[in-house]
Amino acid sequence: VCAICLMIPVGAYATESESKTLRAGFYYCEGYHEIGQDGTYTGYGYDLLQLIARYENVKYEYVGYDKSWDEMLKMLKDGEIDVVTSGKKLEGREEEFDFTTKNIGFTSTALLVKAGSTHILAGDYSTYCGLNVGMVRNSSNNDSFKEYAQEKGFHFTPVYYDNQEQLRKALQKEEVQAIVTSNLRNVNSDEWL
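How should the side chain of Ser 139 be read in this particular structure?
Here Ser 139 lies in the loop between strand 10 (131–136) and helix 3 (140–152). Polar contacts involving the side chain of Ser 139 include one to the main-chain amide nitrogen of Asn 141, which spans 3.1 Å.

Structural data, given as structure tokens:
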């Protein structure tokens, strides 16, 4: 379990009495950041920013729905966006980014298999050995899963994808036997946790 916060570039926040528009990183993450077919924004990250806006006299311009988490961090670093939700305080990040002092939630790494899969048994780590496991490139979930595998004594082969949608499709096409993701992402009916 890891705490998550709002992230902004170091030194970027200044209190102002007039309303301010911030560019908020809004990468696609099912259940966390979504835009419906009718253009409606939804998800935990969106709801959180709307709640903050009620108290901080701020409006948001949502940017980067087609971008990955890595691209969001680069955009934040380069000043293309002002804030992003779900930031983890990882080693080295506090030199480049400021974090809220209060956590906005918690996240855990999750391992998902295709619904109906019977070859992997929860808690029987011998059934995890030799799996091809899908992972999103540069996700901090990858490191926590690697540590978990080492702790539980099983080995696996990582297969990397650029985003969550590619990861989900790879599982359904059986390119991989399992995927590593975050509990912030909705588990679909065609997946098992």
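From this point, the discussion proceeds with the structure in view.
Would you mind showing me how to read a negative patch on the surface here?
Side chains of Glu 91, Glu 94, Glu 95 and Asp 98 sit close together on the surface and give a patch of like negative charge. Tracing the backbone shows Glu 91 in the loop between strand 6 (83–87) and strand 7 (97–99). Taking relative accessible area as the criterion, Glu 91 reaches 85% and is therefore assigned exposed.

Help me understand the packing of aromatic side chains in this model?
In the structure shown here, the tally under the stated rule is 19 aromatic pairs. A centroid spacing of 6.5 Å and a plane angle of 25° characterise the contact between Tyr 27 and Tyr 32, whose relative ring orientation is stacked. Considered together, Tyr 27 and Tyr 32 belong to a single accessibility category, that of buried residues. Considering the side-chain rings of Tyr 128 and Phe 154, the 5.0 Å spacing of their centres and the 65° angle between planes classify their relative orientation as edge-to-face. Placement of the pair is Tyr 128 in the loop between strand 9 (109–114) and strand 10 and Phe 154 in the loop between helix 3 and strand 11 (156–161), with a sequence separation of 26 residues.

Each value, and the rule that gives it
Residues numbered from 1 in each chain as written. Predicted model: local features only at pLDDT ≥ 70, side-chain atom pairs only at ≥ 80, totals over all residues. Heavy atoms only, no water. Helix = DSSP H or I, 4+ residues; strand = E, 2+ residues; numbered from the N terminus. Polar contact = N/O pair within 3.5 Å; in protein donor to acceptor, adjacent residues only side chain to side chain. Patch = residues over 30% accessible without salt bridge, like charges linked within 9 Å, V, L, I, M, F, W, Y side chains within 5 Å. Areas by Shrake-Rupley, 256 points an atom, 1.4 Å probe, with all protein chains shown as cover. Salt bridge = Lys/Arg side-chain N within 4 Å of Asp/Glu carboxyl O. Lys, Arg positive; Asp, Glu negative; His and termini not counted. Charge placed at Lys NZ, Arg CZ, Asp CG, Glu CD. Buried < 20%, exposed > 50% of the residue type's maximum accessible area, 1.4 Å probe, protein only. Phe/Tyr/Trp six-rings, centres within 6.5 Å; stacked < 30°, edge-to-face > 60°.

By themselves these figures say nothing about function.
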